[in-house]
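Chain residues, written in single-letter form:
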Amino acid sequence: MPIVESNKVTDSNAATTPTPSAAVLVLEDGRMFRGRSYGAQGTALGEAVFATGMTGYQETITDPSYARQLVVQTAPHIGNTGVNSEDAESRKIWVAGYIVRDAARRPSNWRSERSLDAELVEQGIVGIQGVDTRAITRHLREHKTMRAGIFSGEAAQASDKELLETVLASAPMEGAALAEEVSIDEAYVVEPKDHGWDGEPRFSIAAVDLGIKAMTPVRFAERGVRVHVLPATATLEDVNAVSPDGFFMSNGPGDPATADHQVTLLRSVLDEKLPYFGICFGNQILGRALGFGTYKLRYGHRGINQPVMDRRTGKVEITSQNHGFAVDAPMNGATVAPEERYGRVEVSHVSLNDDVVEGLACLDIPAFSVQYHPEAAAGPHDAAYLFDRFIDLMAETKAANSTDTKTEDQK
């Protein structure tokens with residue numbers, strides 16, 4: 001029977017699904033939920049969070065923003081459609097552990113290539129099934145997200161006291177710098193011609209991978225934008241080397257208060273008046289670059305059914321989200337940014353569940369961002385227009401720069 005420690009499979013026959021054994025989920029406040037093992041067996045430590053999407057579990061577990069998190073699926077039946085090679089949002093599963101109520105005994109879908117259980121074993125992801133995910137979710141809602149551990153196989157044989165001590169010795173999410181851990185090592189390019197675009201690219205952008213989802217550059221490429229994806233450690237020289245028409249920062253895991261390098265980079269880009277668009281972590285970095293603070297939410301927003309209002313149009317969008325931190329910015333209209341050289345900024349989008357800032361729009365420089373995921377591979381697609389908004393912003397900036405150049409030449 002394969003045994004896993006720290007999410008690394010030690011048995012060479014990793015694809016074989018182990019026989020379920022006793023398993024236990026231990027929360028840092030001492031609450032315990034007992035069930036059976038799911039996926040690999042061993043120990044998984046991280047922050048316990050819940051995701052409310054009814055579909056898209058493969059996209060969820062392969063989203064790098066879930067790094068170092070134990071994900072509770074509120075949908076009761078998980079694994080029904082198996083997994084395939086096309087729907088993954090990145091190169092691997094990133095969740096630290098997986099918590100489900102009723103795991104499918106076998107997948108049933110024409111696109112399925114293997115079972116979710118087998119995939120979890122293959123990638124060394126420790127999970128637990130047969131627990132009351134509704135009770136876990138309510139507990140986290142009432143007491144906040146917290147450190148937790150999943151223990152199965154031999155690891156579950158320790159005493160309750162020892163298991164809790166292991167959880168309490170694990171690292172919290174506050175202060176965690178994870179973007180560099182999930183980012184790419186080498187830059188690559190996503191070409192429009194490879195995603196249905198005929199003709200020459202309309203624009204070129206530099207996109208910093210802080211945990212980027214695969215569909216994000218695809219959504220740009222479908223619209224004729226060449227995407228140069230750069231590592232999280234990229235510098236201004238790296239950005240300028242690709243001569244971009246715009247600059248993008250992606251979603252990603254960890255505490256935005258640790259992203260000093262990315263904040264410095266973005267400020268340099270904003271100083272050059274290069275159009276900017278940020279998603280999720282990229283929204284928090286824009287907030288910090290403008291001089292606002294960030295803070296940790298009690299239990300975050302995770303799932304594909306989060307209502308957000310676009311304050312400019314009054315339109316309500318159902319959005320895909322995955323964040324545990326938010327920007328602390330004033331909600332009462334336009335205000336001068338604390339970093340005054342960037343001029344006025346306003347909160348453009350707001351959560352209808354709890355009034356959390358869901359978007360920022362700069363009024364004097366070409367920059368905006370949203371806290372949610374408009375690429376939403378598992379749906380919904382209400383916010384896809386934001387890619388077009390960024391393209392329009394690049395076109396307007398390019399036209400304005402061209403006019404300024406002609407005026408200077410005439411002088």
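No experiment lies behind these values; they were computed from the predicted model shown.

**Comments concerning the layout of surface pockets**
Taken as a whole, the second largest pocket holds about 310 Å³ of empty space. Lining the second largest pocket are 19 residues, with T55, G56, Y57, T81 and G82 sitting closest to its centre. Of all the elements in the fold, those that place two or more residues in the lining of the second largest pocket are α1 (57-61) and β7 (77-78). For the lining of the second largest pocket, the element with the highest residue contribution is α1, accounting for three residues. Taken together, the residues of the lining of the second largest pocket break down into five nonpolar, eleven polar and three charged.

**Description of the packing of aromatic side chains**
Applying the stated rule across the entire model yields eleven aromatic pairs. Ring geometry for F277 versus F368: centroids 4.7 Å apart, planes at 25°, classification stacked. Taken together, the positions of F277 in strand β16 (residues 276-279) and F368 in strand β22 (residues 367-370) put the pair 91 residues apart, joining distant regions of the chain. This pair shows no difference in class: F277 is buried, exactly as F368 is. Ring pairs connect the aromatic residues F220, F248, F277, F368, F387 and F390, which therefore count as one cluster. In this arrangement the basic side chain of K92 is found over the ring face of W94, its NZ or CZ atom lying 4.5 Å from the centre. Above the plane of the ring of F325 lies K296, whose end atom (NZ or CZ) is 5.8 Å from the centre.

**Here's the deal with the pairing of strand β21 (residues 357-362)**
Of all six residues in β21, six are buried, a share of seventy percent or more. In the sheet, strand β20 (residues 344-351) pairs with β21 via five bridges, with the strands oriented antiparallel. Paired with H349 across the bridge in β21 is G359. Connecting β20 to the antiparallel partner β21 that follows it, the hairpin turn spans five residues, and D355 within it adopts a positive phi of roughly 65°. Looking at chain direction, β21 and β22 are connected through three bridges and run antiparallel. Paired with L360 across the strands is S369, a residue of β22. Hairpin connection between β21 and β22: a loop of four residues separates the two successive antiparallel strands.

**Overview of helix α9 (residues 281-289)**
Of all nine residues in α9, nine are buried, a share of seventy percent or more. Where α9 is concerned, the buried positions are F281, G282, N283, Q284, I285, L286, G287, R288 and A289. Among the residues trailing α9, G291 stands out with phi positive, at a value near 105°.

**Digging into empty space enclosed by the protein**
Taken as a whole, this structure holds three cavities of 30 Å³ or more when the rule is applied. Counted as a void, the largest cavity has a volume near 170 Å³. Lining the largest cavity are 20 residues, with E59, T60, K213, I304 and S320 sitting closest to its centre. If you list the elements that add at least two residues to the lining of the largest cavity, you get α1, β17 (293-310) and β18 (315-328). If one sorts the elements of the lining of the largest cavity by residue count, β18 sits on top with three residues. Grouping the constituent residues of the lining of the largest cavity by class yields six nonpolar, ten polar and four charged. Considering the residues around the second largest cavity, the lining is formed by 17 residues, among which G252, P253, G254, H323 and G324 are closest to the centre. Those elements that place two or more of their residues in the lining of the second largest cavity are α9, β17 and β18. Per-element accounting of the lining of the second largest cavity gives the leading share, four residues, to β18. For the lining of the second largest cavity, the per-class residue count stands at six nonpolar, eight polar and three charged.

The rules behind these values
Residues numbered from 1 in each chain as written. Predicted model: local features only at pLDDT ≥ 70, side-chain atom pairs only at ≥ 80, totals over all residues. Heavy atoms only, no water. 1 Å grid on protein atoms, 1.4 Å probe; cavity = no way out; pocket = protein on both sides within 12 Å on 5 of 7 lines; lining within 4 Å. Points joined across faces, edges and corners; volume = space filled by probe spheres on them. Helix = DSSP H or I, 4+ residues; strand = E, 2+ residues; numbered from the N terminus. Nonpolar A, V, L, I, M, F, W, Y, C, P; charged D, E, K, R; others polar. Phe/Tyr/Trp six-rings, centres within 6.5 Å; stacked < 30°, edge-to-face > 60°. Buried < 20%, exposed > 50% of the residue type's maximum accessible area, 1.4 Å probe, protein only. Lys NZ or Arg CZ within 6 Å of the ring centre and 35° of its normal. Pairing = 2+ DSSP bridges.

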